Amino acid sequence: MDFNLLLENLTNPALLFFILGIVAVFVKSDLEIPNNSSKFISLYLLFAIGFKGGQELSHEQFTLEILGTMLIGIAISVVIPAYTFFILKKRLGIYNAGAIAASYGSVSAVTFVTAVSYLEAHQLNLHGHMVAIMALMESPAIIVGLLLINFFNTEGSDTIKKREVFKHSFTNGSVLLILGSLFIGFVADAKQAEGIKPFTNDLFKGFLAIFLLDMGITSGKKLKAFFSFGLFPFLFAFFIPLINGVVFAYISSLVTADISNRFVIAILAASASYIAVPAAMKISVPKANPGLFLPMALAVTFPVNITIGMPLYFFVVQHT
């Protein structure tokens, strides 16, 4: 791997703000981002990505390459929760295994947003259809996780509220906003879209840096309790995303030669949801421990992806 890519990523201001957030927790600083501000910034990032993706999508033609990329996205959200469930269930139990498997089969919108920034730093553009694929990958992983829990659950008294979780998996705020923004960007006239370009483009990296600062603070607060579960969850959360990312970076070459698309596919395979899936599991699988699957996705997998993962996946797609 080109270590210049790794060094370049480690000096990225957005990443350094994430590290600053973790440091603030360990030195017991009172630094924090107000909840309302944090929620606004996350909504802004999803809106900006969706709208820009819609604009890009309006200039694309539907091809076999796009269809193949969509099929890989769906495969990721089915295959990853299926195989990770069996790795996890003996050590962590059926409920935790299902929740964690769904998290790793689903996607992290924040990791996706950070990956877009990484692409832009290398003068590469995100293609609009990748935004749609990212949004569509949330629901299948949740459904697979629930099916696995249902199939292997021997406690007949425990029933999963299927209707509520299926509805939530398709209508949760992050999915709805990014799909809605994608559609609006797609139908918007280019001249009309130009009017909000300073908001969707120029402010993006600054908001991303502040949001990652908040993510760092949140991660730092969860680390201490997480380590009480032993070494296995940490090792899983560290190595599985790297394996998934590299494997699907290679597989993506079967459907597309575009470096940008292949890099994003790798990111989608490597990332783990810590917003949509935990919310769904809270409704449907209350016996799953959020003190386990939340820190795995947020405090371990997320920083691994934005430090080691992105340069690694970029190297793979460049040289295969």
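Keep in mind the model is a prediction, meaning the values are calculated, not measured. (Residues numbered from 1 in each chain as written. Predicted model: local features only at pLDDT ≥ 70, side-chain atom pairs only at ≥ 80, totals over all residues. Heavy atoms only, no water.)

Draft legend 1. Structural detail: the overall build of the protein. Check the secondary structure of the protein and you find 17 helices and zero strands. Looking at the protein as a whole, 52% of its 320 residues are labelled buried. For the protein, restricting intrachain contacts to residue pairs at least 6 apart in sequence, the fraction spanning at least 24 positions comes to 89%. Surface accessibility of the protein: about 14400 Å² in total, with carbon and sulfur atoms responsible for 67%. (Helix = DSSP H or I, 4+ residues; strand = E, 2+ residues; numbered from the N terminus. Buried < 20%, exposed > 50% of the residue type's maximum accessible area, 1.4 Å probe, protein only. Contact = heavy atoms within 4.5 Å. Areas by Shrake-Rupley, 256 points an atom, 1.4 Å probe, with all protein chains shown as cover.)

Draft legend 2. Representation of unusual backbone geometry in the model. For K28, which is not glycine, the phi torsion reads 60 degrees and is therefore positive. Mapped onto the secondary structure, K28 falls in the loop between helix 2 (13-26) and helix 3 (35-57). Given a relative accessible area of 77%, K28 falls into the exposed group. Backbone geometry places Q123, a non-glycine residue, at a positive phi of 55 degrees. Tracing the chain through its elements places Q123 in the loop between helix 6 (109-121) and helix 7 (128-136). We classify Q123 as exposed; its relative accessible area is 68%.

Draft legend 3. Representation of the packing of helix 4 (residues 64-92) against helix 14 (residues 231-251). Between helix 4 and helix 14, the least distance of the axes is 12 Å, while the angle of their chain directions is 155 degrees. One finds that helix 4 runs roughly antiparallel with respect to helix 14. Remark: the crossing between helix 4 and helix 14 carries right-handed chirality. Residue-level inspection shows I72, I76, I80, Y83, T84, I87, L88, R91 and L92 of helix 4 in contact with helix 14, the latter providing F232, P233, F236, I240, N244, F248 and I251. The residue inventory of the contact of helix 4 with helix 14, partitioned by class, reads 13 nonpolar, two polar and one charged. (Axes fitted to C-alpha atoms, helices over the stretch in contact; angles between N-to-C directions. Parallel < 35°, antiparallel > 145°, perpendicular 65-115°, else oblique. Left-handed = near helix turned anticlockwise from the far one by under 90°. Nonpolar A, V, L, I, M, F, W, Y, C, P; charged D, E, K, R; others polar.)

Draft legend 4. Focus on the side chain of S77. Looking at where S77 falls in the secondary structure, it is placed in helix 4. Take S77: its relative accessible area is 0%, and that puts it in the buried class. Residues contacting S77, with those up to four places away along its chain left out, are G105, M137, P140, A141 and V144.

Draft legend 5. Main features of helix 2. For helix 2, spanning 14 residues, the distance from its first C-alpha to its last is 20 Å, which sits close to the expected 20 Å at 1.5 Å a residue. The complete set of buried residues in helix 2 reads A14, L15, F18, G21, I22 and A24. Directly beyond the C-terminal end of helix 2, a positive phi value near 60 degrees is found at K28. (Expected span 1.5 Å × (residues − 1).)

Draft legend 6. Broad picture of the packing of aromatic side chains. Enumeration over the complete set of coordinates arrives at 15 aromatic pairs. Seen from their ring centres, F40 and F207 are 6.0 Å apart, and the 75 degrees between their planes marks the pair as edge-to-face. Remark: F207 occurs in helix 13 (residues 204-226) and F40 occurs in helix 3; sequence separation between them is 167 residues. With a centroid separation of 4.9 Å and 70 degrees between ring planes, the pair formed by Y44 and F199 is classed as edge-to-face. (Phe/Tyr/Trp six-rings, centres within 6.5 Å; stacked < 30°, edge-to-face > 60°.)

Draft legend 7. Inspection of the nonpolar core at higher detail. The biggest cluster of nonpolar side chains holds 89 residues, and the ones touching the most others in it are I100, F112, F263, L268 and M281. The dominant element in this core, judged by the number of residues it contributes, is helix 17 (residues 290-318), at 15 residues. (Core = buried A, V, L, I, M, F, W, Y, C linked by side-chain atoms within 4.5 Å.)

Draft legend 8. Fine view of the layout of surface pockets. Reported here for the second largest pocket is a volume of approximately 390 Å³. For the second largest pocket, the lining is made up of 17 residues, of which K52, Q55, E56, K197 and N201 are closest to its centre. Only helix 3, helix 6, helix 11 (190-194) and helix 12 (197-202) provide two or more residues apiece to the lining of the second largest pocket. The greatest single-element share of the lining of the second largest pocket, amounting to six residues, is contributed by helix 3. For the lining of the second largest pocket, the class distribution of residues is six nonpolar, six polar and five charged. (1 Å grid on protein atoms, 1.4 Å probe; cavity = no way out; pocket = protein on both sides within 12 Å on 5 of 7 lines; lining within 4 Å. Points joined across faces, edges and corners; volume = space filled by probe spheres on them.)

Draft legend 9. Seen up close, the packing of helix 3 against helix 7. Axis separation between helix 3 and helix 7 bottoms out at 6 Å; the angle between their running directions is 130 degrees. On the basis of their axis angle, the class for helix 3 and helix 7 is oblique. Where helix 3 crosses over helix 7, the handedness of that crossing is left-handed. Within the contact between the two elements, helix 3 uses I49, G50, G53, E56 and L57 and helix 7 uses G128, H129 and V131. For the contact of helix 3 with helix 7, the residue count by class is three nonpolar, four polar and one charged.

Draft legend 10. Broad picture of the environment of P286. Turning to its location among the elements, P286 is positioned in the loop between helix 16 (276-284) and helix 17. Taking relative accessible area as the criterion, P286 reaches 66% and is therefore assigned exposed. In this structure, the C-alpha to C-alpha distance between P286 and N96, residues 190 residues apart in sequence, is 9.9 Å.

Draft legend 11. Quick look at the side chain of D214. Secondary-structure assignment places D214 in helix 13. Among the polar contacts made by the side chain of D214, one reaches the side chain of S38 at a distance of 2.4 Å. Excluding its chain neighbours within four sequence positions, the residues that come into contact with D214 are I33 and S38. (Polar contact = N/O pair within 3.5 Å; in protein donor to acceptor, adjacent residues only side chain to side chain.)

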